[in-house]
Amino acid sequence: MGEMTNIKSLNLNENRIIRGSLIPLSKLANLQTLSLSNNRIGMDRDGDLTIVGPHLPTLSAKLKLIKIDHNYLTTIPKSIYAPTLLKLEKIDLAFNQIAVIPQGFCENLASCLTELNLDNNLITSLPVEMGALVKLKSLSLQSNKIHVLNTTFDERNPQPLPEELFTKTPLIDLNLKGNNMTNGQLNEFKGFEVFLKRRALLKSKNIHGGALTDLGVCGLE
């Protein structure tokens, strides 16, 4: 793999790749698209879930898209939110066991990330730092563990999706289907009205231009 330094796209889906076994990727300086779906990157050689050692090596600064869904991950690999990845636009982390957005993720990807897929993980809430993602337009959190008891939010009952996500990002596509909350509750979230106005404006522009866009509200009933 190290001899293929000019490769721009690499698909290693559906293998048995485990944690720490992709060191040669660090030599692919021109890599722009990396697909690692359906592997075992969250596991060690004994087949156990592990957080010891890096999941992935240093990745190309030219990387624009990475798919690492279905990989038994319990944390987001540090390599995919390194501060050198200034062109990384799309990340797919669906179908893992991730519960937390780590410190540094939003800060390091603030100027580039446009799409983030965290479907079918263990997310219960997002940090206020999500507001730093000033290019984020699409966020999918389908079938996570987001739960709303009531919408009287305070320190003991914080809003699981921070106001900053709605007000400081250009988010227009949000999928919350399969979480334990309702559309009515979502409408009471601080900042959500800003999100709705932004989507309504987009819909109006699309209709005026002759195109219809499905802008159903976040997959909730």
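Computed from a predicted model, the values in this text were never measured in an experiment.

Draft legend 1. Here's a closer look at the nonpolar core. Grouped together as the largest cluster of nonpolar side chains are 57 residues, with contacts concentrated most on Ile91, Phe105, Leu139, Leu161, Leu176 and Leu186. Once you skip the residues sitting within four places of it in the chain, leucine 186 turns out to touch Leu161, Phe166, Leu176, Met181, Phe192, Cys218 and Leu220.

Draft legend 2. Local environment of the side chain of serine 60. When you line up the elements, serine 60 lands in the loop between β2 (33–35) and β3 (65–67). On the basis of relative accessible area, serine 60 is assigned to the buried category, the value being 6%.

Draft legend 3. A look at the pattern of salt bridges. This model, assessed by the stated rule, comprises three salt bridges. Its salt-bridge partner being aspartate 69, residue lysine 67 comes within 3.7 Å of it at the nearest N-O pair. The exposure class assigned to lysine 67 is partly exposed, which follows from its relative accessible area of 28%. Among the salt bridges present, the one from glutamate 115 reaches lysine 90, with a minimum N-O distance of 3.8 Å. Here glutamate 115 is found in strand β5 (residues 115–117), whereas its partner lysine 90 is found in strand β4 (residues 90–92), with 25 residues between them in sequence. Through salt bridges with shared partners, a single network forms among Lys67, Asp69 and Asp92.

Draft legend 4. Fine view of the sheet that holds strand β7 (residues 173–175). Here we have seven strands laid out as an open sheet, ordered β1-β2-β3-β4-β5-β6-β7, and parallel in their pairing. Both outer strands of the open sheet, β1 (9–11) and β7, are each paired with one neighbouring strand and no more. Strand-to-strand twist in this sheet, taken as the mean axis angle between neighbours without regard to direction, amounts to 5 degrees. The pairing of β4 with β5 spans three bridges and is parallel. In the sheet register, isoleucine 91 faces β5, and the bridge partner there is leucine 116.

Draft legend 5. Summary view of the side chain of asparagine 144. Tracing the backbone shows asparagine 144 in the loop between β6 (138–140) and α2 (163–167). Residue asparagine 144 is classed as buried on the basis of its relative accessible area, which comes to 5%. For asparagine 144, the residues in contact, after removing those within four places along its chain, are Leu118, Asp119, Asn120, Asn121, Leu122, Ile123, Gly178 and Asn179.

Reading the values: the criteria
Residues numbered from 1 in each chain as written. Predicted model: local features only at pLDDT ≥ 70, side-chain atom pairs only at ≥ 80, totals over all residues. Heavy atoms only, no water. Core = buried A, V, L, I, M, F, W, Y, C linked by side-chain atoms within 4.5 Å. Buried < 20%, exposed > 50% of the residue type's maximum accessible area, 1.4 Å probe, protein only. Contact = heavy atoms within 4.5 Å. Helix = DSSP H or I, 4+ residues; strand = E, 2+ residues; numbered from the N terminus. Salt bridge = Lys/Arg side-chain N within 4 Å of Asp/Glu carboxyl O. Pairing = 2+ DSSP bridges. Axes fitted to C-alpha atoms, helices over the stretch in contact; angles between N-to-C directions.

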